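Per-entry structural report
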Amino acid sequence: MEYSADDIAAARSLQIATYIYASMATFWIYDYACSLHEEWTFLLLSYWSKVKGMYIVTRYLPFVLLVAKLYMSFTPNENTGKCRVLDNVDTGLGIVSAVCSEGFFVLRTYALWNNNRILLAAMLITIPTFVGASIGIAFTTNAPATYAISAIPGIVGCYQSSTSFRLFIPFLLLSAFELGLMMLTLMRAIQSWRRTPSRLHVVLVKHNVFYYTCGFLFSVANIFTSMLLQYSYHTMLYDFQFMILAILATRMHRSLWQMSMNRYAYNSCGLVGIPMSDMSPVNSTA
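What you see is a predicted model, and the numbers here were worked out from it, not measured in a lab.

1. Some details on the nonpolar core
Ranked by size, the top nonpolar core spans 35 residues in total, and within it Phe104, Phe105, Tyr211 and Met243 carry the most contacts. Listed by contribution, the elements that provide at least two residues to this core are α1 (5-34), α2 (36-45), α3 (50-74), α4 (80-112), α5 (117-142), α6 (168-191), α7 (199-228) and α8 (236-266). Looking at this core element by element, the count peaks at nine residues for α8. Residues in contact with Tyr211, not counting those within four places in the same chain, are Ser101, Glu102, Phe105, Glu178, Leu245, Leu248, Ala249 and Met252.

Put into structure tokens, the structure is as follows:
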């Protein structure tokens, strides 16, 4: 039986997507196994707080997201309606994961600026606006989209056969948000460079800049893949970005917590700097 060039291209995209999602799951499991001791030390010894709850969601939500993607990729499914439901679940989980990951660094940036109320008001306006716009665009784009399965036997999975250029807008908003926070971090670092900053302050700045740079580059890559690629290709990097940002956010949070614990053990008077539970200002020097 002869298949069209579109059928072959769609089948190839589904196969590549399956390989990528399997690789992502392997990478996540490897990262979790390598940090298992640090993970459970943090979970058992750290105090319960809202930030710790956000950590747990950020850390383990990518696992649920990857399970959903692998189910879509490896399970034969001729029901396109089921594909739509699974895709919407995946979109929702991805947005929640991104919001939680960004939340850590929003709090850090707020702390770097000494809990500035003007900055807090700007964030309280910007964050709900961007998140609401992203949710609205993502789900209104998925609702009318047409889903298809491969016409070639043995190729499982489904994909959006009709795409919309609007899918790049959430990543455009995310890249603008991260660029703005990175500029705020650099401004604060420049303002304080003449003083002798604490080691905690230096680590916060380095973490923030590295995270925002990675998030910005991933967002730009997703903007181009959303606009230029077809079949399964245009969504391949979505979940990869969410997973990498979650790993960075949780690893950096554990690193900051371990540093605070070391300072506590060294200083009998208690923690110096900011405990992540309340995100107090970080102007104190080591």
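Next comes the rest of the description.
2. Focus on the confidence of the model for the protein
Averaged over every residue, the pLDDT of the protein is 80; residues scoring 70 or more account for 79%. When the criterion is pLDDT under 50, residues 268-281 qualifies, and its contacts beyond four places in sequence or with other chains add up to 40 contacts.

3. Some remarks on the side chain of Arg254
Mapped onto the fold, Arg254 is located in helix α8. Engagement of the side chain of Arg254 in a polar contact is seen with the side chain of Glu39, the distance being 3.1 Å. For Arg254, the residues in contact, after removing those within four places along its chain, are Ser35, Glu38, Glu39, Phe42, Tyr55 and Arg59.

4. Re the packing of α1 against α3
Look at α1 against α3: their axes get within 10 Å of each other, and the N-to-C directions meet at 150 degrees. Taken as axis vectors, α1 and α3 run roughly antiparallel relative to one another. The handedness of the crossing between α1 and α3 comes out as left-handed. Residues Thr18, Tyr21, Ala22, Met24, Ala25, Trp28, Asp31 and Tyr32 of α1 touch α3, and the partners they reach there are Arg59, Tyr60, Pro62, Phe63, Leu66, Lys69, Leu70, Ser73 and Phe74. When its residues are assigned to classes, the contact of α1 with α3 shows 12 nonpolar, two polar and three charged.

What counts and how
- Residues numbered from 1 in each chain as written.
- Predicted model: local features only at pLDDT ≥ 70, side-chain atom pairs only at ≥ 80, totals over all residues.
- Heavy atoms only, no water.
- Core = buried A, V, L, I, M, F, W, Y, C linked by side-chain atoms within 4.5 Å.
- Buried < 20%, exposed > 50% of the residue type's maximum accessible area, 1.4 Å probe, protein only.
- Helix = DSSP H or I, 4+ residues; strand = E, 2+ residues; numbered from the N terminus.
- Contact = heavy atoms within 4.5 Å.
- pLDDT = per-residue confidence, 0-100.
- Polar contact = N/O pair within 3.5 Å; in protein donor to acceptor, adjacent residues only side chain to side chain.
- Axes fitted to C-alpha atoms, helices over the stretch in contact; angles between N-to-C directions.
- Parallel < 35°, antiparallel > 145°, perpendicular 65-115°, else oblique.
- Left-handed = near helix turned anticlockwise from the far one by under 90°.
- Nonpolar A, V, L, I, M, F, W, Y, C, P; charged D, E, K, R; others polar.

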